[in-house]
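What follows is the residue order along each chain.
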Amino acid sequence: MPPQNWTEIVESGYLRLFHPEAVGGTGGSPATQAAALEALARACPGTYWTATVSALLCAKLIFTYGGTERHGDLVRSLVEGRRLAAFAVVETEAGSDASTFRSAVRPADTPGGGFYISGEKSRISNAPVADVAVTLARREKPPGDDGPDWCLAFVDLRQPGVRRYDIPHMGLRGMPWGGIVFTDAHVDAADVVPVPFEELAEGMAWGWLKTSFSAIAIAESALAASVRHAKERVSFGRPLAHMEGVQAQLAESRAQIDAARLLARRALHERVAGRSARDLIAKLKIYATEMAVGVVVRAVQIHGAAGVTKGHEVERLYRDAEMNVIGGFTSNRLREQVAESTGLGPAVYAEFDWVTPAGLGRDPSGLDGP
Amino acid sequence: MTLLDAPVDTGTGTVGAEPLLAEGARRLADRVVRPSAAPRDRDRGWDPELFSELAGGGPGPGLAGPLVPLTRGGGGLSATQTCALLEGLGEGSRDPGLALAVVVHAVLVTVPLRAFGTETIKLDYLPRMASGEWVGGLSLRQTQGTAQAPAAVAARPVPGGWLLRGELDLVAGAPVAHHLLVVAALDGGGRTAFVVDREADGLEVGEGEPTAMRTCPWGRVVLNDCFAPDRAVLGTVGGAADEVEPLLAVLDWTFTSAPWIGVMRALAREAVGTARERRLFGRPLAHDQTVRFTLADLSIRVELASEVVRRAAAGFDAADRPSRRDAASARLFAASAARDIAERAAHLSGPFAPSGDDLAGRAHRDALFFSATGGGTEVLRPVIAASLLELG
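Residues numbered from 1 in each chain as written. Chains lettered and ligands numbered in written order. Predicted model: local features only at pLDDT ≥ 70, side-chain atom pairs only at ≥ 80, totals over all residues.

## Observations concerning the overall build of chain A
Turning to step 1, where the next piece is worked out: Across its full length, chain A holds 9 helices and 10 strands.
Turning to step 2, where the next piece is worked out: Its C-alpha atoms give chain A a radius of gyration of 23 Å, near enough to 21 Å, the size a compact globule of 370 residues would have.
Turning to step 3, where the next piece is worked out: Overall size of chain A, expressed as C-alpha extent along the three principal axes, is 80 × 75 × 40 Å.
Turning to step 4, where the next piece is worked out: For chain A, long-range pairs separated by at least 24 residues make up 72% of all intrachain contacts whose partners lie at least 6 apart in sequence. (Helix = DSSP H or I, 4+ residues; strand = E, 2+ residues; numbered from the N terminus. Rg over C-alpha atoms; globule rule 2.2 N^0.38 Å. Contact = placed C-beta atoms within 7 Å.)

## Some details on the interface of chain A and chain B
Turning to step 1, where the next piece is worked out: Taken together, the 20 residues of chain A in the interface contact 36 residues of chain B.
Turning to step 2, where the next piece is worked out: Along the lines of polarity and charge, the residues of the side of chain A that touches chain B split into 8 nonpolar, 7 polar and 5 charged. (Nonpolar A, V, L, I, M, F, W, Y, C, P; charged D, E, K, R; others polar.)

## Remarks on the domain arrangement of chain A
All names here are of chain A.
Turning to step 1, where the next piece is worked out: Taken domain by domain, chain A comprises domain 1 (1-83), domain 2 (84-195) and domain 3 (198-344).
Turning to step 2, where the next piece is worked out: Of the residues lining the interface, 6 residues belong to domain 2; the matching set on domain 3 comes to 9 residues.
Turning to step 3, where the next piece is worked out: Of the residues contributing to the side of domain 2 that touches domain 3, the split by class is 4 nonpolar, 2 polar and no charged. (Domains from an automatic or database assignment.)

## Focus: the domain arrangement of chain B
All names here are of chain B.
Turning to step 1, where the next piece is worked out: When cut into domains, chain B gives domain 1 (18-137), domain 2 (141-234) and domain 3 (244-389).
Turning to step 2, where the next piece is worked out: Listed as interface residues are 29 residues of domain 1 and, on the opposing side, 22 residues of domain 2.
Turning to step 3, where the next piece is worked out: Where the side of domain 1 that touches domain 2 is concerned, the elements lending two or more residues are helix H2 (34-43), helix H5 (96-116), helix H6 (119-131) and strand E1 (136-139).
Turning to step 4, where the next piece is worked out: Among the elements that take part in the side of domain 1 that touches domain 2, H5 stands out by supplying 12 residues, more than any other.
Turning to step 5, where the next piece is worked out: In terms of residue class, the side of domain 1 that touches domain 2 is built from 17 nonpolar, 8 polar and 4 charged.

## So, the environment of Ala258 of chain B
Residue and element names in this part refer to chain B.
Turning to step 1, where the next piece is worked out: Among the secondary structure elements, Ala258 is positioned in helix H8 (residues 258-277).
Turning to step 2, where the next piece is worked out: Residues Ala258 and Glu167 lie 91 residues apart in sequence; the distance between their C-alpha atoms is 29 Å.
Turning to step 3, where the next piece is worked out: Once residues lying within four places of it in the same chain are set aside, the contact partners of Ala258 are Cys83, Leu86, Glu87 and Val309.

## Quick look at the nonpolar core
All names here are of chain B.
Turning to step 1, where the next piece is worked out: Among the nonpolar cores identified, the biggest contains 138 residues, and Leu164, Phe194, Met264 and Leu267 are the most heavily contacted of them.
Turning to step 2, where the next piece is worked out: Top element by residues in this core is H5. It accounts for 15 residues.
Turning to step 3, where the next piece is worked out: When neighbours within four sequence positions are excluded, Leu267 is seen to be in contact with Ile341, Ala342, Ala345, Leu359, Ala360 and Ala363. (Core = buried A, V, L, I, M, F, W, Y, C linked by C-beta atoms within 7 Å. Buried ≥ 20, exposed ≤ 12 C-beta atoms within 10 Å, placed from the backbone.)

Structural data, given as structure tokens:
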């Protein structure tokens, strides 16, 4: 991101909107927050991700689990744009399945020496450039410690025990994305916060909400481009706008974006009011992100060959839209959670071995038997 | 697998007779079945004469026994040719329920008898099934192994045969059948397939009809220590899971889909007519680009569905075993296409009183039934996945 862009984002007050004055925020109303989220994501979804992961998601996580008393300065530095944060959860061999995570925090050998973290986090927004990483890690617990197995460690990334790398990615290319390798990187004792894993989804829901607004904005941009193109482009002697097939595509997109936006605003309102709304946000994230992919596919269709030309707006949006479906819990992962919230009970896994005993596991004889 | 008993003779004597067979069946069904389709649907009517006419009324092979070898009095058709014949039946009759009754008789009951029946059974049953004199029936719950439920019928051995006990619903053909194909569980594990005569002591047919497919005769069958002689066993005792059950599944997935290809063709054609006739905003619906796109999509889906169903049928004509994956994929695709086409056709017809024989309305209802049977997506998807993943 060009430095000037970041300066302007900081000066706009965007980063401050989501937090109370006590930590340097301006406590924007839900409507203001929604408008700002969408406006930045309309302008550049990649920049939106970078700024919002740091100032909304990471700041909320630090705020929620670390508390403002000890970490007020850290939150303030993010809200004021002096520092940039990454949320480091995913590892090279694992997605959202915590049981496979290996990164761990261990106490220093000397009393008062804080902690050391080792492990590798991968496919992380802002990782290559961030100043601090809100890092999910296992706790190496001394005997007698019956606290949670997991912690959030707020790790200073500008130290010798940290190596970073870029990963090329399909969409959101304005957003730095990559990996972080911790090799006995130091963490102050106060910056290791034990957290029960189940509770983390509560904080991560801020991320789902952020991603949903990104999707809605991408869809809106794609629809706006489609409307513009439909009015300008003449084909077979008629502007596209006079073709019912194109009209139908525009109408479907309009209806779907409206539905997602209304739900997003309601979810944000709930969240700002201090209520969890976690299941509602999970539902929103699934619909909004997949909806945006559909809208962008239609936009490319309406634009024809221009839409698949590198550098065209809808070509970029097409690549960006899918990132939202995958980022911060995929739709498949979230659907399991939503299903559970309907009263179905938790997901049940069993070895796939029931087709053959039912008589359907082999090819049949032909017409004349064996 | 090729037919062993006789060379294929379709009346044209040439390979690639499918279009002629389909056209012949379409014309016959159009003449014989179509005029009464709507009233029979309304009254849940079954017309034995109509079935007889389909069995032997046309110039080509009859619809009652296309898969019965010529030497046993049947049509001696290949599976691919039979598929074409059934497509024609579906298109001409515009009657999914009756077409289902024909498929149950001519394929789902006939082929297991042909493939696994004792010689006595084949000698007695196949010629009479091919002529339409004896009608076969079975429960559509028994065409997916025990995927949906444990076997509802139990069999225990007695001198000279078996006593069957249990209840079956959704038995297609029950009220008019001469015999039924029944899979029963054995005490010591395993399942056995039987052919059970309708008149056997201890077998009762009661009422039990689904709301859809009203032109197919339906019933609930109660077996109360019903005796089946040893000769009525199809295949190996206890071997149904390896023999009759996978065969029944693949036959159902493939051949009950075949008439729907024809029904989909009829729906798509009718939808074009509707689009030409109806007006919206003072313009013919056919001028609306979205309607044109919809009709284009319908015609695409019909062609795709037709190909996958034919490929599944062709598995029975090849040297190797038929592929359960191809058959399950065909059914998955065809059922989705049928529902989609029926829905769009009904949508195009509009919310007003039905006109003509109301194929759009009937098919909309029946396509839902079609897509739920054969196990529905909940059975088809794991079967396909099991084959892809080499699991299951």
